[in-house]
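Read off the chains here:
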Amino acid sequence: MSAIILGWDPAHWNRWNYAAAVEHVAVAGLHVEPWDLAPAVAAGTDVWLVLLGPRGPGLIGHGVVVGRSGGQIQVAFDALLPLGDQVAAEVLLKTAPAIVWGGSGVDGGQLGPAEEAGLRSVWAEFGPPQGSIPTQLVPGTYPDEAVTRVPVNRYERDPEARRACIAHRGSSCAACGFSFEVAYGEIGRDFIDVHHVVPPWRLGGGYQLDPLTDLVPLCANCHAMAHHGVSTPRTETELRRAMAGAGFLTGSVVTPEELEAQQAARELLGPE
């Protein structure tokens, strides 16, 4: 089994705070919810959430089964649309006309390969918009086995915190000075990764994010190097020191000839 449908009718099952779940996914990336489903469903199975009842039917979310506890499966929802934004029934009927989308029997139904591919295509077109980090895939647009899940610090995804950081620090990389707007013009305006500089040991229950001091704008390369091979992220000062030690000049392109000259100079000078 590669994908199943979960039907949700708020009039008959409303144990979760759906609005809060939508917000949690937007900020943290995942919301785990137990779900009553009698048949055994393997971990890793894709889940498509369909809204039923007076406001449905409509495709409203995507997730992945991450485990089972008692008679319930544990679903990690990675994309949820606000009520009212669900993909309409007529679109679903064109994609998979054999499925009775508005019926109660849709809950737990299995999707065939063609139907699953059709839903992914519909979700890519009518599902959640690209987030504040455009390089991240919209959940559900690719099969789960084709995607590597990398844990992301939720403070780096918070849209309000990102806006405050960029408004305060600008959209140029704080380490190397690279500007997407300068390099790519209008399409690069305000595009930059935001890096959370606070060490993990400080993220206790009482931690309150200050986007003006705890976040810095970094290009994708510098952001990767800030996290690469260390448990405590490197600071922008450490990144600049590393680039300076490697002979990198901010704002310039080092040619192969210059690199050869630098290497020859190091060999002449010998070890420090």
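Everything in this summary refers to the structure shown in the same document. Within every chain, residues take consecutive numbers counted from 1 along the sequence as written. In keeping with the predicted nature of the model, local features appear solely for residues at pLDDT of at least 70, side-chain atom pairs appear and are counted solely at 80 or more, and the whole-chain, interface and lining totals rest on all residues. In computing side-chain values, all of the structure's heavy atoms are included and hydrogens and water are not.

**Topic: the overall build of the protein**
Phase 1: Secondary structure summary: the protein contains nine helices and eight strands in total.
Phase 2: In the protein, which comprises 272 residues, the proportion classed as buried is 39%.
Phase 3: A contact between two residues is defined here by any heavy atoms of the two lying within 4.5 Å. Sequence separation of 24 or more characterises 63% of the internal contacts of the protein that already satisfy a separation of 6 or more.
Phase 4: Throughout, the Shrake-Rupley method with a 1.4 Å probe supplies accessible areas, and for residues the shown protein chains are the sole cover considered. Of the roughly 15,100 Å² of accessible surface on the protein, 57% is carried by carbon and sulfur atoms. Numbering of helices and strands runs from the N terminus, with a helix taken as a DSSP run of H or I at least four residues long and a strand as a DSSP run of E at least two residues long. For every residue, the accessible area (1.4 Å probe, protein chains only) is compared with the maximum for its type, and the residue is labelled buried under 20%, exposed over 50%, or partly exposed between those bounds.

**Description of the pattern of salt bridges**
Phase 1: The rule for a salt bridge is simple: a side-chain nitrogen of Lys or Arg has to be within 4 Å of a carboxyl oxygen of Asp or Glu. For the structure shown, the criterion picks out seven salt bridges.
Phase 2: A salt bridge links Arg120 to Glu116, with the nearest nitrogen and oxygen atoms 2.7 Å apart. Taken together, the positions of Arg120 and Glu116, both in helix H3 (residues 113-126) and four residues apart, correspond to about one turn of that helix. Both residues of the pair, Arg120 and Glu116, count as buried.
Phase 3: Of the charged contacts, one joins Arg240 and Glu236 as a salt bridge, the two residues approaching to 3.5 Å between their closest N and O atoms. Taken together, the residues span about one helical turn, with Arg240 and Glu236 both in helix H8 (residues 236-245) at a distance of four residues.
Phase 4: With relative accessibility at 36%, the residue Arg240 sits in the partly exposed group.
Phase 5: Each of the salt bridges in this network shares a partner with another, and the network as a whole consists of Asp46, Glu116 and Arg120.

**Some thoughts on unusual backbone geometry**
Phase 1: Of note, the phi angle at Asp190 is positive, near 60 degrees, even though the residue is not glycine.
Phase 2: Assignment of secondary structure puts Asp190 in the loop between helix H5 (180-184) and strand E7 (193-196).

**What to know about the environment of Gly127**
Phase 1: Looking at the secondary structure, you find Gly127 in the loop between H3 and helix H4 (159-169).
Phase 2: Residues in contact with Gly127, not counting those within four places in the same chain, are Leu81 and Val122.

**Side note on the environment of Ala226**
Phase 1: The topology assignment puts Ala226 in helix H7 (residues 220-227).
Phase 2: By relative accessible area, Ala226 is classed as buried at 0%.
Phase 3: Taking the C-alpha atoms as reference points, Ala226 and His195, separated by 31 residues in sequence, lie 8.4 Å from one another.
Phase 4: Once residues within four sequence positions are removed from consideration, Ala226 is found in contact with His195, Leu218, Pro233, Arg234 and Leu239.

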